[in-house]
Amino acid sequence: MESDLAQRDVIGVQDAVLLEDIHSESIFIDNLEKRFKENLIYTYIGPVLISVNPYKELSTYDAGTVEKYRNVNFYEVPPHVFAVSDTALRAMRGEHADQCILISGESGSGKTEASKKILQFIAAISHNQKIVGSVKEKLLQSNPVLEAFGNAKTNRNNNSSRFGKYMDTEFSSIGEPVGGHILNYLLEKSRVVYQAKGERNFHIFYQLLAGADDALLANLQLTRDPSNYFYTKQGESSKVRQIDDAADFKLVNAAMKVMDLEEAEIGAIFRIIATILHLGNVNFGDNNGRATLDSKNEVNTMAKLLDCSFDSIENALLNKTIDARGDVVTSPLTRDEALYARDALAKAIYGRLFDWLVRKLNESLTKAENQKTLVVGILDIYGFEIFEKNSFEQFCINYCNEKLQQLFIELTLKSEQEEYLREGIQWEPIKYFDNKIIVDLVEEKHKGIIAIMDEECLRPGESSDRTFLAKMNKNLTFHPHFISHEKCDNKGRKTIDRDEFRVLHYAGEVTYNVNGFLDKNNDLLFRDLKEAMSNAKNIIAKETFTKSELTSKKRPDTAASQFKNSLGQLSVILKSKEPSYIRCIKPNDDQVPNKFNRDIVSHQVKYLGLMENLRVRRAGFAYRRPYEGFLNRYKALCPATWPHLKQGMTPKEGVQLLANHLKYGKDDYRMGKTKIFIRLPRTLFETEDAFQKRKNELLAKIQAIWKGRAQRKKYLKIRARIIQVQAKVRKFLAKRRAQKRRWAVAVIRGFIQGFIARNETPSDANKRFLQFVRFQYLLRLSKQLPKSVLEKDKWPERCPKSCEDAHSTLRLLHLRWLVRCYFKNLSPERKKMFELKVLAEKIFDGKKNGYTQTITVWFKTNRLSNEQNTVFKANFENGIKPPNENLIYVCPVVKYDRHGYKPRERILALTDSALYLLDAKDAKTKHRLNFKQLVRVRITKMKDGLVLVNIPEELKKDKGDLILSCDFVFEALTYLIDISKNPELLAIEDTSSITHRMIDGKEGIIEVTTNGGATGIMKGKNGHLIVVSQ
Ligand SMILES: Nc1ncnc2c1ncn2[C@@H]1O[C@H](COP(=O)(O)OP(=O)(O)OP(=O)(O)O)[C@@H](O)[C@H]1O
Ligand SMILES: [Mg+2]
């Protein structure tokens, strides 16, 4: 905390308790002066803040300073009004106790400024969320409004509060401002109609005249110059150098809007102010003892501004109606009475306007919800004052200050000392002046000044201020604090007139002029005036002068009694809260900076009782608390007291344990009968710091447990829901399973029934089963199908009875399909082979023996041996054969001569155009027969290789039919038929003898036999060719 300020603060001592000599007032004032000269206006006496008015702007209220004082223990930072504010706020939050800050001091000592600084601090440390932001703005803005209407320039203070103010700021449980409430006390209404020389009326009159724009002024029928109005000119000081009324008017206007005052209401307020100004200018003439209006202009304007009839106001200003037990008598007023009535009306209107305004501010400050709140109250009440001429108002103000001093004494000096005695703490009593005697002088029932005044006001018969004074003289002659002309000795009489009395206040002697006391105390307003106002349509007039007031028979309390009662209530309010004190001191009477008048200060130090305060403080203990409370707050700091004290132990013993554990020094504390007393704030603050640290740890623990609980609760909730859902899902699934089972049972039953009736004609009973059987059969079959044509016999044998038709149809279809596949996959050569085989079947099946043995043997296109083939290729294929002919088939044959049947080896070659018979040795052509030249090819039915080729007769060169024997007769002939495309060419003869033609028309005979030993072809003995077949 070593800041510049802290550095500078080494000047003097920050807490007067630390002064060497606490009995010397001069040393005490020296310290204040030393600090004051360095602009250090704040000094402590223990927790009480002394503030010396600097009469100049200091830089110690900026945002940085706010931060510096925020949440910092009081003793760690230099004395400041922010430290007091922060301590109060923290005590409120930490101890859950309402707080109040009592600001006292004489007029001009800086009370109102201090209260504003406290609000500034509260506003600065609170957040800016919507509600809090608007509340803090309102708390701040309520001040300019109240000051405009309730403050005035006096000879002691340019901005003197002419009313008392107690303002509660309400805080939410988390310490944010959420609302506020203002109590106002006795406004000095007489100022509206009279100002002493050098003084002014309430600021608002001058602000309106200086700040209103021309249109508004014209509307209110006002002119700018305050000296044009009786109520603003009497003090002859309407212009104050330090005050900018026009600028203030703007601020007040804006502030009224922030405080939720509507345009219409603001307009009504200005009309009321203007009405009062016009009312002050109403003058009366005298007509045979009856008052008359000098001019009707003002009343006319008033009627317009108040929105009522001219007559009603005129009538009320000139007459008085008295209702004496039903007898209503109206009598005219004298000029003096009319002037009195005029001023009474002005005071009444203004007084009620002020109350109305406070009500409006309170409505605007009312917190939104009905939440429980803690409050910090600030009391800023008019300070003790002595004027040249002191009247009823000064009497009330000074009485109020007596009352507050009494409260201060009670709460600090008296109660503190009494407490030490009560608690059995060793104590040397300190003498101080107890002003109770003065308070009693003023307020004591039946005996006090107020009681006497009330009695004079209320009693029947002629009473006047003089009779009041006489009665006081009679009753209070022996009171040490009451002095009057009568009571004085000769010397004294020179200082006090016959119509004066003097009270020796705690703060000094004040001489009051008794004139006007009873009137002001009565605070009466003629009924006619009330009635006229209640008939006005101006919203404020209407609201503040109610009809019910006219009919009420009850006499209102006198002003002094009302004030006394409200001060009584204020004492109750303040006593119910934890107090903090700010004692303001005024350094000079000239309202100038840097001037420290020791006499003036000394006077205040005396009457404020600061020296006594200092001595009590020094000798005493800074802090005390009942054992239970102390233990409850700090028990967490000691294992022996946390979480509970050992059974049977008293709280006092617990606190002792705690003090031992916290290592309090022997002199640091005392154990009283019911309380612990701690001497230095430091000890307490250290304990508090330790507690805050511990609280955080505990909080973290509690938070963890709470979070755990919350999570578990959440978990259990989720679990219960899951179980619910699970049950539903299970139910659903079980239902579905049961349904499925039912369905399955039905299916199985149907299946069994179907099985039983499987061989019957299809009906409902077996339809499904058969379908199933068919399906299964097809499924099975699909897995057992033969894979190729060659496996066609592997077709499954068995099939259900109901599928037999399908089985055979499918078999056929499948076979065809296999064949089709087979064919689709065949090469052209293979295909040709098949065609040839089919052709062979057609030609030979059942027509020639031995055919069936050849079926399985594939045809070949070349049957030559390798040697034959070589020759054949060389000579025939690449020589003899014309290039345009394609060789198709070749095989070895034996040719039998037509004469003598000598066998000769030959090669049979078939091209696409002709049949060649070649020499087997050299493959030279022996015969070439164009297919067209072929007449017929004859074979036997028997199993032999004989082939007889008929050659047309004209082919002489061929020397007749060719007799051939071929091992591949089926193959060769099939090729021949295929190439020639002439099936007619072949003749299969079922005969045992075949004739063949030879050249020159001769014929030979070929005999075909089966019963002759070995097979073969040879020349028989009969000259025939013998073919022996099987
Ligand atoms: N802390 C301060 N810093 C600067 N100027 C201050 C301070 N306190 C007071 N003043 C000056 O002193 C003047 C009078 O102060 P203030 O109005 O607070 O007195 P008061 O005690 O409320 O008097 P009254 O009892 O007449 O209302 C202020 O207008 C301001 O000029
Ligand atoms: Mg003030």
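Look above for the structure.
Summarised in this report is the structure supplied together with it. Please read all numbers here as calculations on a predicted model, not as lab measurements. (Residues numbered from 1 in each chain as written. Chains lettered and ligands numbered in written order. Predicted model: local features only at pLDDT ≥ 70, side-chain atom pairs only at ≥ 80, totals over all residues. Heavy atoms only, no water.)

### A closer look at the nonpolar core
Quick reminder of the rule: The criterion is simple. A nonpolar core is a set of buried Ala, Val, Leu, Ile, Met, Phe, Trp, Tyr and Cys residues joined through side-chain atoms within 4.5 Å. Think of it in three bands: with a 1.4 Å probe and only protein chains considered, a residue is buried below 20% of the maximum accessible area for its type, exposed above 50%, and partly exposed in between. Working definition: helices are DSSP H or I runs of at least four residues, strands are E runs of at least two. Numbering for both runs from the N terminus. Should any heavy atoms of two residues lie within 4.5 Å, those residues are counted as being in contact.
Counting residues in hydrophobic clusters, the biggest one holds 182 residues, and the most contacted among them are Phe-28, Phe-149, Phe-205, Ile-269, Tyr-350, Ile-449 and Phe-501. Per-element accounting of this core gives the leading share, 16 residues, to helix H15 (residues 335–365). Beyond its immediate sequence surroundings of up to four residues, Phe-28 is in contact with Ala-16, Leu-19, Ile-45, Val-605, Leu-610, Met-611 and Leu-614.

### Thoughts on the coordination of the magnesium ion (ligand 2)
What counts is decided by this rule: Counted as donors are N, O and S atoms no farther than 2.8 Å from the metal, or 3.2 Å for Na, K and Ca; water is not among the atoms, and sites may therefore look incomplete.
At this site the magnesium ion (ligand 2) is bound by Thr-112 (OG1) and Ser-161 (OG), with donor distances of 1.9 to 2.1 Å. Here the residue Thr-112 occupies a position in helix H5 (residues 111–125), and Ser-161 occupies one in strand S5 (residues 160–161), the gap between them amounting to 49 residues. We classify Thr-112 as buried; its relative accessible area is 11%.

### Brief notes about the sheet that holds strand S3 (residues 99–104)
What counts here: Strand pairing is assigned whenever DSSP detects at least two bridges linking the two strands. Here the axes come from fitting lines to C-alpha atoms, over the contacting stretch only for helices, and the angles between their N-to-C directions go from 0 to 180 degrees.
On the basis of which strands lie adjacent, the open sheet formed by seven strands has the order S1-S2-S16-S3-S12-S6-S7 and mixed pairing. Looking at the sheet topology across the chains shown, the edges are occupied by strand S1 (42–45) and strand S7 (177–185). Ignoring strand direction, the axes of neighbouring strands in this sheet form an average angle of 20°. Bridge count for strand S2 (residues 48–52) against strand S16 (residues 578–585) is four bridges, and the pairing is parallel. Its bridge partner being in S16, Leu-49 is matched across the sheet by Ile-582. In this fold helix H16 (residues 392–422) packs onto S2, S3, strand S12 (374–380) and S16, with an angle of close to 125° to the strand it touches most, S16. Where helix H25 (residues 559–575) meets the sheet, its contacts fall on S3, strand S6 (164–171), S7 and S12, and the angle it forms with S7 comes to roughly 145°.

### Overview of the site of ligand 1
Inclusion rule: We call a residue near a molecule or strand whenever a single non-hydrogen atom of that residue lies within 4 Å of it. Contacts described as polar in this section are N or O atom pairs within 3.5 Å, which, within protein, must combine one atom able to donate a hydrogen with one able to accept it, while residues neighboring in sequence count only if both atoms come from side chains. Here the open area of atoms and residues is found with the Shrake-Rupley method and a 1.4 Å probe, where only the protein chains shown may cover a residue.
Among the 20 residues in the neighbourhood of ligand 1, the closest are listed as Ser-107, Lys-111, Thr-112, Ser-160 and Ser-161. One of the side-chain N or O atoms of Lys-111 is found 2.7 Å from an oxygen atom in ligand 1. Measuring from an oxygen atom of ligand 1, one finds a side-chain N or O atom of Ser-160 at 2.6 Å. Burial of ligand 1 by the surrounding chains reaches 90%, relative to a free accessible area of 620 Å².

### Description of the packing of aromatic side chains
Heads up, the rule is: Pairing of aromatic rings covers Phe, Tyr and the six-membered ring of Trp, with a centre-to-centre limit of 6.5 Å; geometry is then stacked below 30 degrees between planes, edge-to-face above 60, and tilted otherwise. Here, a charge over a ring is recorded when the distance from Lys NZ or Arg CZ to the ring centre is within 6 Å and its angle to the ring normal is within 35 degrees.
For the structure on display, the rule yields 45 aromatic pairs. Considering the side-chain rings of Phe-395 and Tyr-512, the 5.5 Å spacing of their centres and the 85° angle between planes classify their relative orientation as edge-to-face. Pair noted here: Phe-395 is in helix H16 and Tyr-512 is in strand S15 (residues 508–513), with a separation of 117 residues, a long-range link. Residue Phe-395 shares its accessibility class with Tyr-512, and that shared class is buried. Centroid distance Tyr-889 to Tyr-975: 4.6 Å. Interplanar angle 20°. Geometry classified as stacked. Of this pair, Tyr-889 sits in strand S20 (residues 887–896) while Tyr-975 sits in helix H36 (residues 969–980), and the two are 86 residues apart along the sequence. By relative accessible area, Tyr-975 is classed as buried at 3%. Here the aromatic residues Phe-392, Phe-395, Phe-468, Phe-482, Phe-501, Tyr-512 and Phe-517 are joined through ring pairs into a cluster of three or more. Over the ring of Tyr-206 we find Arg-200, and its NZ or CZ is 4.0 Å from the ring centre.

### Comments concerning a nonpolar patch on the surface
As a reminder of what qualifies: To count toward a patch, a residue needs a relative accessible area above 30% and no salt bridge. Like charges then connect within 9 Å, nonpolar side chains (Val, Leu, Ile, Met, Phe, Trp, Tyr) within 5 Å. One speaks of a salt bridge when a side-chain nitrogen belonging to Lys or Arg is within 4 Å of a carboxyl oxygen belonging to Asp or Glu.
There is a patch of nonpolar side chains on the surface, built from Ile-748, Phe-751, Ile-752, Phe-755, Ile-756, Phe-772, Phe-775 and Leu-779 and spanning about 750 Å² of accessible area. Sorting the residues of the nonpolar patch by element identifies helix H30 (681–756) and helix H31 (764–784) as the ones contributing at least two each. A per-element tally of the nonpolar patch places H30 first, with five residues. You can see Phe-772 is positioned in helix H31.

### Concerning the pairing of strand S31 (residues 1025–1028)
Here S31 shows no split at all, with Leu-1025 and Val-1027 on one side and Ile-1026 and Val-1028 on the other all buried. Looking at chain direction, strand S29 (residues 1003–1009) and S31 are connected through four bridges and run parallel. Considered in S31, the bridge of Thr-1009 is made with Val-1028. Pairing analysis gives four bridges linking strand S30 (residues 1016–1019) to S31, with the strands arranged antiparallel. Bridging across to S31, Met-1018 finds its partner in Ile-1026. Hairpin geometry of S30 and S31 is characterised by an intervening segment of five residues between the two adjacent antiparallel strands and by a positive phi of about 85° at Gly-1023.

### Thoughts on helix H13 (residues 297–306)
Among the ten residues of H13, seven are classified as buried, and the element is accordingly described as predominantly covered. Along H13, the residues classified as buried are Glu-298, Val-299, Thr-301, Met-302, Ala-303, Leu-305 and Leu-306. Contact partners of the buried residues in H13: helix H9 (214–220), helix H12 (263–280), strand S9 (290–293), helix H14 (310–318), helix H22 (527–534) and helix H23 (539–544). The positive-phi residue at the C-terminal boundary of H13 is Asp-307, with phi of around 60°.

### Re the pattern of salt bridges
In the structure shown here, the tally under the stated rule is 56 salt bridges. One salt bridge in this structure joins Arg-352 and Glu-549, with 2.7 Å as the shortest N-O distance. Here Arg-352 is found in helix H15, whereas its partner Glu-549 is found in helix H24 (residues 547–551), with 197 residues between them in sequence. Judged by its relative accessible area of 25%, Glu-549 falls in the partly exposed class. Ionic pairing is found between Glu-419 and Lys-675, a salt bridge with its closest N-O pair at 1.9 Å. You can see Glu-419 sitting in helix H16 and its partner Lys-675 sitting in strand S19 (residues 675–678), a full 256 residues away along the chain. In this pair, the class of Glu-419 matches that of Lys-675, namely buried. Among the ionic contacts, a cluster of salt bridges with common partners joins Arg-162, Glu-188, Arg-191, Glu-199 and Glu-385.

### Remarks on the state of the cysteines
Inclusion rule: When two cysteine sulfur atoms are found within 2.5 Å, that pair is recorded as a disulfide.
For the structure shown, the criterion picks out zero disulfides. Here Cys-396 is not cross-linked by a disulfide; its sulfur's nearest cysteine counterpart is in Cys-400, at 9.1 Å. Free of any disulfide, Cys-891 has its nearest cysteine sulfur in Cys-966, 3.8 Å distant.

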